[in-house]
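Inside the fold
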Amino acid sequence: VLEHQKTRDRVNHFDRDFIDAYLREMEDSGRADPETMNEEQLAMVVRHLFLGGSETTSNSLRWGVLYLTLNLDVQTKAQEEVDRVIGLRDISLEDRERMPYLEALCMEVLRCSSLIPSLPHMATDDFWYKGYYFPRGTFLIVNSRGLHYNTK
């Protein structure tokens, strides 16, 4: 972020990447809220982009390959759907609604892999749940893996 601040093209507003665009929006627009859009926040966003965009994607792909390797019938059905809907042309986002089996396969891979077993949240208000009181500011962690494997 510091390097981008030093080398950014402020004259032509040429953004090399996300960091430049964020800095331009933060500094030039006058619309940015300095409480929520600042250098510290930018550093956290970039960190999350790298972590969320690389590690989880590569691990999801690994799980998908494993799942398809262990379930050849699923692999065959998914390939048949792709062949029927896509054929030899490039795939597009509009194809998604015409491929329910592939969509379900992707959701199942994400469910089975449960790459992020728990994400912390914070209570924004005081509340009661099943007889327990949670004051505002309480950290809450949902066990997503437990939910993903719950037979109910």
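Quick look at the structure, then. Source: prediction; values computed, not measured. (Residues numbered from 1 in each chain as written. Predicted model: local features only at pLDDT ≥ 70, side-chain atom pairs only at ≥ 80, totals over all residues. Heavy atoms only, no water.)

Regarding the nonpolar core
The biggest cluster of nonpolar side chains holds seven residues, and these are Ile19, Tyr22, Leu23, Met26, Met37, Leu42 and Val46. If one sorts the elements of this core by residue count, helix α2 (residues 18-28) sits on top with four residues. (Core = buried A, V, L, I, M, F, W, Y, C linked by side-chain atoms within 4.5 Å. Buried < 20%, exposed > 50% of the residue type's maximum accessible area, 1.4 Å probe, protein only. Helix = DSSP H or I, 4+ residues; strand = E, 2+ residues; numbered from the N terminus.)

What to know about the environment of Asp17
Checked against the element boundaries, Asp17 lands in the loop between α1 (2-7) and α2. Among the polar contacts made by the side chain of Asp17, one reaches the main-chain amide nitrogen of Ile19 at a distance of 3.2 Å. (Polar contact = N/O pair within 3.5 Å; in protein donor to acceptor, adjacent residues only side chain to side chain.)

Observations regarding the pattern of salt bridges
Applying the stated criterion across every chain, the model contains seven salt bridges. One salt bridge connects Asp15 with Arg24, and the closest N-O pair in it is separated by 2.6 Å. Taking relative accessible area as the criterion, Arg24 reaches 25% and is therefore assigned partly exposed. (Salt bridge = Lys/Arg side-chain N within 4 Å of Asp/Glu carboxyl O.)

Here's the deal with helix α4 (residues 72-85)
Over its 14 residues, α4 runs 20 Å from end to end, which matches the ideal 20 Å to within 8%, given 1.5 Å per residue. Val74, Ala78, Glu81 and Val85 are the residues of α4 that are buried. Projected down its long axis, α4 shows its buried positions confined to an angular sector of 60°, all on one face. When the buried face of α4 is taken as reference, the exposed residues oriented beyond 90 degrees from it are Leu72, Asp73, Glu80 and Arg84. On its buried face, α4 sits against α3 (39-70) and α5 (100-113). In the stretch just after α4, Gly87 is the one whose phi turns positive, near 70°. (Expected span 1.5 Å × (residues − 1). Arc of directions from axis to C-beta. Contact = heavy atoms within 4.5 Å.)

Describing the packing of aromatic side chains
Taken as a whole and judged by the stated rule, the model has three aromatic pairs. Here the aromatic rings of Phe127 and Phe134 are separated by 5.0 Å at their centres, their planes lie at 15°, and the arrangement is stacked. A relative accessible area of 31% means that Phe127 is categorised as partly exposed. Under the relative-accessibility criterion, Phe134 is labelled partly exposed at 22%. The ring of Tyr149 carries Arg111 above its face, with NZ or CZ at 5.1 Å from the centroid. (Phe/Tyr/Trp six-rings, centres within 6.5 Å; stacked < 30°, edge-to-face > 60°. Lys NZ or Arg CZ within 6 Å of the ring centre and 35° of its normal.)

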